[in-house]
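# Structural features, examined
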Amino acid sequence: MSSGGGGPVPRFAVVGNPENRRVAFFEEAVRSAGLPPARVVPWLRVLRGEAVFAAGESVRIDSPGEDAEVERLLRGVDDPTRVEGSARWYARFTAAVDTVAGAASAAGSEVLGSPGDIAVLFDKRLCHGLLDRAGVPVPASPTSGPGAAPVRGWCDVRELLREHRMPRAFVKLAHGSSASGVLAVETAGPGRVRASTSVERDASGRLFNSLRVRRYTSEAEVGAVVDALAPDGLHIERWLPKASQRGRAADLRIVVVGGRATHAVVRTSTSPMTNLHLGGARGDLDEVRAAVAAAGGCWREALAMCERAAACFPGTPCVGVDLLPTAGWRRFAVGEVNAFGDLLPGLTGLPGSGAEGLTTYAAQVAAVLDRARNHRAVTSS
């Protein structure tokens, strides 16, 4: 199939879990663009060494989440709600991404995402260090960058919080996602510790992800959870006081496609974690823009900060940036950058972004089409 410009139309292959809604949304975006159907390469085939790619394909790597068998192969646990095993997951997942890239290159296809970028994006310590070196505002962290000392348990965490004067901090799994293994820790003197988290600890000490944010109110409880998480690697960040909207803590997910901030959603919550699956709710973006302007800030500069964060990952055409507004809505920092941060159903592009009327997936397809047209124009001139 060829385009009106005389060159070949992009053909997509997507590495994902076939029943996952992410894959369905991308397939719909490809269909809506009038392109040949996207070919789905299941993660199970990748992990079993059976993935095959074709010359000329544009290969999208999507999340391996929400499939119990894929999770078992990556994490090494039979219950997908278990928290432990994220270091094993990271090692196996990044090796699988390298396998995809190698097989695609050998077949003459192009991977839409750099394995090196993905490896950094899924290590919060490396990602934070890279952003910090690039001058992107981030919360202070004693575990930032490749040279940071390892955190072996609660004793190390407690000492780092004391040494760096962080009475309130987020303690995160280095390779976690979707708030898995995240604790919002508050200290107020010796023995006075509490933490908000979605981690549930059973009687035998095993950790499980829950859809309910709970609070541990003793140092013994918090320490036991942190000690169980520590073997998988931990990252610590200062807990910045967030701005609020209608009495709820608020932050934003900004999607950057092709270097440009295209989509934004406000996330609000009564807990420190604003993830929508943990009871967070979408807020009002117009109210955010008005609050930023009233505080003397600049919304466009906030979006530019996200674009600078995305520029740290030049081989990755789309990322989701967690933008943290500090109390008062005047200043911002980048909390995290997510390789698979584009799952925002029904959301269309920001005014002036070039993605007006497009979902996050349609915007990515359009970006590939634009690049293909520009390449044809250059080669034919």
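Residues numbered from 1 in each chain as written. Predicted model: local features only at pLDDT ≥ 70, side-chain atom pairs only at ≥ 80, totals over all residues. Heavy atoms only, no water.

### Quick look at the overall build of the chain
- When you go through the chain residue by residue, the secondary structure sums to eleven helices and 15 strands.
- Taken against the 2.2 N^0.38 rule, which gives 21 Å for 381 residues, the C-alpha radius of gyration of the chain at 21 Å falls within 12% of a compact globule.
- Each principal axis of the C-alpha atoms in the chain carries an extent, and together these give about 70 × 50 × 35 Å.
- Within the chain, buried positions represent 53% of all 381 residues.
- Excluding contacts between residues fewer than 6 apart, the proportion of contacts in the chain whose partners are at least 24 apart in sequence is 63%.
- If you sum the accessible surface of the chain, you get close to 16,500 Å²; carbon and sulfur atoms cover 52% of it.
- Treating the 45 positive side-chain charges of the chain as one cloud and the 40 negative ones as another, the clouds have centres 3 Å apart. (Helix = DSSP H or I, 4+ residues; strand = E, 2+ residues; numbered from the N terminus. Rg over C-alpha atoms; globule rule 2.2 N^0.38 Å. Buried < 20%, exposed > 50% of the residue type's maximum accessible area, 1.4 Å probe, protein only. Contact = heavy atoms within 4.5 Å. Areas by Shrake-Rupley, 256 points an atom, 1.4 Å probe, with all protein chains shown as cover. Lys, Arg positive; Asp, Glu negative; His and termini not counted. Charge placed at Lys NZ, Arg CZ, Asp CG, Glu CD.)

### A word on helix 8 (residues 219-229)
- Glu219, Val222, Gly223, Ala224, Val225, Val226 and Leu229 are the residues of helix 8 that are buried.
- Structurally, helix 8 contributes buried residues whose contacts are with helix 7 (154-163), strand 5 (168-173), strand 6 (183-187), strand 7 (193-201), strand 8 (207-216) and strand 9 (234-238).

### Some words on the packing of helix 7 against helix 8
- With their axes 8 Å apart at the nearest point, helix 7 and helix 8 run at an angle of 110 degrees to one another. Here helix 7 is positioned roughly perpendicular relative to helix 8, judged by the angle of their axes. Facing Trp154, Val157 and Arg158 of helix 7, the residues of helix 8 in contact are Glu219, Val222, Gly223, Val226 and Asp227.
- By residue class, the composition of the contact of helix 7 with helix 8 is four nonpolar, one polar and three charged. (Axes fitted to C-alpha atoms, helices over the stretch in contact; angles between N-to-C directions. Parallel < 35°, antiparallel > 145°, perpendicular 65-115°, else oblique. Nonpolar A, V, L, I, M, F, W, Y, C, P; charged D, E, K, R; others polar.)

### A short note on the domain arrangement of the chain
- Considered domain by domain, the chain is made up of domain 1 (11-112), domain 2 (154-238) and domain 3 (242-363).
- Each of domain 1 and domain 2 has a C-alpha centre, and the two are 31 Å apart.
- At the junction of the two partners, domain 1 supplies ten residues and domain 2 supplies twelve residues.
- Seen at the junction of domain 1 and domain 2, the total is zero salt bridges.
- Joining domain 1 to domain 2, the criterion identifies six residue pairs in polar contact (both at pLDDT 80 or more).
- Across the side of domain 1 that touches domain 2, the residue classes tally to three nonpolar, three polar and four charged. (Domains from an automatic or database assignment. Salt bridge = Lys/Arg side-chain N within 4 Å of Asp/Glu carboxyl O. Polar contact = N/O pair within 3.5 Å; in protein donor to acceptor, adjacent residues only side chain to side chain.)

### Quick look at the nonpolar core
- Residues Leu131, Leu252, Ile254, Val334 and Val337 are the most contacted members of the largest nonpolar core, which totals 57 residues.
- Looking at this core element by element, the count peaks at eight residues for helix 4 (residues 86-107).
- Each of domain 1 (11-112) and domain 3 (242-363) accounts for three or more of the residues forming this core.
- Apart from residues lying up to four places away in sequence, leucine 131 is in contact with Val136, Val138, Ala309, Cys312, Phe313, Val334 and Val337. (Core = buried A, V, L, I, M, F, W, Y, C linked by side-chain atoms within 4.5 Å.)

### Some points on the pattern of salt bridges
- Within this structure, the stated rule accounts for 27 salt bridges.
- Across the salt bridge formed by arginine 253 and aspartate 322, the nearest N and O atoms sit 2.6 Å from each other. One end of the pair, arginine 253, is in strand 11 (residues 248-257); the other, aspartate 322, is in strand 14 (residues 318-325), and 69 residues separate them in sequence.
- Judged by its relative accessible area of 10%, aspartate 322 falls in the buried class.
- If you follow the salt bridges from partner to partner, you end up with Lys242, Asp251, Arg253, Arg267 and Asp322 in one network.

### Looking at helix 1 (residues 21-32)
- With twelve residues, helix 1 ought to run about 16 Å at 1.5 Å a step, and its terminal C-alpha atoms sit 16 Å apart, in line with that.
- Taken together, the buried positions of helix 1 are Arg22, Val23, Phe26, Ala29 and Val30. Buried residues of helix 1, seen end-on, are gathered within an arc of 125 degrees and therefore sit on one face of the element.
- Where helix 1 begins, the capping side chain belongs to asparagine 20, and its oxygen is found 2.7 Å from the backbone nitrogen of arginine 22. (Expected span 1.5 Å × (residues − 1). Arc of directions from axis to C-beta.)

### Some details on the sheet that holds strand 9
- On the basis of which strands lie adjacent, the open sheet formed by five strands has the order 8-7-6-5-9 and antiparallel pairing. A single partner strand is all that each edge strand has here, and the edge strands are strand 8 and strand 9. Across the sheet, the mean angle separating the axes of adjacent strands is 25 degrees when strand polarity is ignored.
- Along the sheet, helix 7 makes contact with strand 5, strand 6, strand 7 and strand 9, crossing strand 9 at roughly 25 degrees.
- Helix-sheet contacts for helix 8 involve strand 5, strand 6, strand 7, strand 8 and strand 9, and the interaxial angle to strand 7 is about 50 degrees. (Pairing = 2+ DSSP bridges.)

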